[in-house]
Amino acid sequence: MSLHTRPFGRTGWNIADIGFGAWAIGGSWGDVDEAQARDALRAALDAGTNFIDTADVYGDGRSERIIRDVLKDWRGQRPIVATKAGRRLSPHVADGYNRKNLEAFIDRSLQNLGVETLDLVQLHCPPTEVYYRPEVFEALDALVAAGKIGHYGVSVEKVEEALKAIEYPGVESVQIIYNIFRQRPAELLFREAKARKVAVIARVPLASGLLTGKLTRDSQFAPDDHRNFNRHGEAFDVGETFAGVPYDVALDAVESIRPLLPQGVSMAAFALRWILMEDAVSVVIPGAKSPQQALANAAASELASLSPGAMQAIRSIYQQKIARHVHHRW
């Protein structure tokens, strides 16, 4: 398998367009056996993935440590590992985003990942006020100067937060939810990111599994799966679970998408390819809990471009069924 690559903003990195999202192997997606988690990551690397996205809170460091262990034995070119910092704060408030706390989080991630410098650190969906505090970004600049991080960016909930963040010259990447059910970033943010040569990481690409086409009204989720415990935003932003779309509404939209699938193409691969039609996107980071899922995700890189008719049909489905539930919120 040969994954296509894209430049990652101003970093000089060329990144496979399908990355590996490591939230699921850390926790909050039901039980994932650690050996299976390692196998899933190895399969992604074997397929050509060279970008892994994780966070210090995924399984309280479990995801980072699994990545460390896999890469210790990996004989290929070392991938870029992006992690995140900030959500360990309790309470999770803007005042907590200071040099002392950020450095402590980064020191812990350095240890978890077994490296001397973190490739990319992203603020992990901080309160909106953080983006209006230049001292936060000055602290990150100081940590770059100290050699603890190579580059930094932000992971955001809202388009407005991303637009504010990329005004800071040190912000080299923005991670945001972008999928068939969350199309707003393409209206303004992507143009501004391209103009500033800021990388875009597209997360929640399959809307927590809805855009695999495999979920039904009868699907059951484990108690420790966020698709159970965060349905209404009880634990964190509701937009992270099923992209914030009411479950029954989303299932109805999925059935409208199904007839658009080319012969032999899965809905998941189609949904990932739809994201890659946007050239502002540097990498998309689907999760995988098994080697089979990792390989299926990677295969989307080689799919042919979607037809103009399919793209227009997706736009119409979004406008008619989905936009009123999500467009104004994020």
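Definitions and limits used
Residues numbered from 1 in each chain as written. Predicted model: local features only at pLDDT ≥ 70, side-chain atom pairs only at ≥ 80, totals over all residues. Heavy atoms only, no water. Helix = DSSP H or I, 4+ residues; strand = E, 2+ residues; numbered from the N terminus. Rg over C-alpha atoms; globule rule 2.2 N^0.38 Å. Buried < 20%, exposed > 50% of the residue type's maximum accessible area, 1.4 Å probe, protein only. Contact = heavy atoms within 4.5 Å. Pairing = 2+ DSSP bridges. Right-handed = clockwise from strand over helix to strand, strands pointing away. Axes fitted to C-alpha atoms, helices over the stretch in contact; angles between N-to-C directions. Salt bridge = Lys/Arg side-chain N within 4 Å of Asp/Glu carboxyl O. Phe/Tyr/Trp six-rings, centres within 6.5 Å; stacked < 30°, edge-to-face > 60°. Parallel < 35°, antiparallel > 145°, perpendicular 65-115°, else oblique. Left-handed = near helix turned anticlockwise from the far one by under 90°. Nonpolar A, V, L, I, M, F, W, Y, C, P; charged D, E, K, R; others polar.

**Looking at the overall build of the chain**
Okay, so step 1: Along the chain, the regular secondary structure elements total eleven helices and ten strands.
Okay, so step 2: Against the compact-globule benchmark of 20 Å for 330 residues, the chain has a radius of gyration of 18 Å, which places it among compact chains.
Okay, so step 3: When its C-alpha atoms are laid out on the principal axes, the chain stretches across 55 × 40 × 40 Å.
Okay, so step 4: Relative to its 330 residues, the chain shows a buried fraction of 56%.
Okay, so step 5: Partitioning the contacts of the chain with sequence separation of at least 6, the portion at a separation of at least 24 is 77%.

**What to know about the environment of Y318**
Okay, so step 1: Along the chain, Y318 falls in helix α11 (residues 308-326).
Okay, so step 2: When residues no more than four places from it in sequence are discounted, the contact partners of Y318 are I180, F181, R182, Q183, R184, A323, V326 and H327.

**Side note on the pairing of strand β8 (residues 171-177)**
Okay, so step 1: Counting buried residues in β8 gives seven out of seven residues, a clear majority hidden from the surface.
Okay, so step 2: Summarising the sheet, strand β7 (residues 149-155) and β8 pair through three bridges and their orientation is parallel. Across the sheet, the residue bridging to V154 is V174, located in β8.
Okay, so step 3: Handedness of the crossover is the feature at issue here: the chain leaves β7, passes through helix α5 (residues 159-165), returns alongside β8, and the resulting connection is right-handed.
Okay, so step 4: Considered for its hand, the β-α-β crossover made up of β8, helix α6 (residues 189-195) and strand β9 (residues 199-203) is right-handed.

**Focus: the sheet that holds β8**
Okay, so step 1: As summarised here, the arrangement of the eight strands in space is β3-β4-β5-β6-β7-β8-β9-β10, forming an open sheet in which the pairing is parallel. The open sheet has two edge strands with one neighbour each: β3 (20-21) and β10 (283-284).
Okay, so step 2: Along the sheet, helix α3 (residues 99-113) makes contact with β5 (80-85), β6 (118-124) and β7, crossing β6 at roughly 135°.
Okay, so step 3: Relative to β7, helix α4 (residues 134-145) is tilted by about 155°, and along the sheet it contacts β6, β7 and β8.

**Here's the deal with the pattern of salt bridges**
Okay, so step 1: Inspection of the entire model under this criterion finds 24 salt bridges.
Okay, so step 2: Note that K321 is salt-bridged to D252, the shortest N-O span being 3.0 Å. Of this pair, K321 sits in helix α11 while D252 sits in helix α8 (residues 247-257), placing them 69 residues apart in sequence.
Okay, so step 3: Exposure remark for K321: the relative accessible area of 22% places this residue in the partly exposed category.
Okay, so step 4: When its relative accessible area of 38% is taken as the criterion, D252 is described as partly exposed.

**Structural notes on the packing of aromatic side chains**
Okay, so step 1: As enumerated under the stated definition, the model contains ten aromatic pairs in all.
Okay, so step 2: With 5.1 Å between their ring centres and 35° between their planes, Y178 and W274 make a pair best called tilted. Highlighted residues: Y178 in the loop between β8 and α6 and W274 in helix α9 (residues 267-276), separated in sequence by 96 residues.
Okay, so step 3: Judged by relative accessible area, Y178 falls into the buried class, the value being 4%.
Okay, so step 4: With relative accessibility at 5%, the residue W274 sits in the buried group.
Okay, so step 5: Ring pairing ties together the aromatic residues W23, Y58, F229 and F236, which thus form one cluster.

**Quick look at the packing of helix α1 (residues 34-46) against helix α2 (residues 62-73)**
Okay, so step 1: The N-to-C vectors of α1 and α2 enclose an angle of 60°; their axes lie 10 Å apart at closest approach. By the criterion of interaxial angle, the relationship of α1 to α2 is oblique. Remark: the crossing between α1 and α2 carries right-handed chirality. Taken together, the residues of α2 that come into contact with α1 (itself represented by E34, A37, R38, L41, R42 and L45) are R62, I66, I67, D69, V70 and L71.
Okay, so step 2: Across the contact of α1 with α2, the residue classes break down as seven nonpolar, no polar and five charged.

**Quick look at unusual backbone geometry**
Okay, so step 1: Along the chain, S90 connects to P91 via a cis peptide bond; the corresponding omega equals 5°.
Okay, so step 2: Tracing the backbone through its elements, the reader meets P91 in the loop between β5 and α3.
Okay, so step 3: Phi is positive for S208, close to 60°, though the residue is something other than glycine.
Okay, so step 4: Its place among the elements puts S208 in the loop between β9 and α7 (226-229).
Okay, so step 5: What makes S208 buried here is its relative accessible area of 4%.
Okay, so step 6: A positive phi angle, close to 60°, is found at A243, a residue other than glycine.
Okay, so step 7: Here A243 falls in the buried class, since its relative accessible area comes to 0%.

Take it as geometry only, folks, not as evidence of what the structure does.
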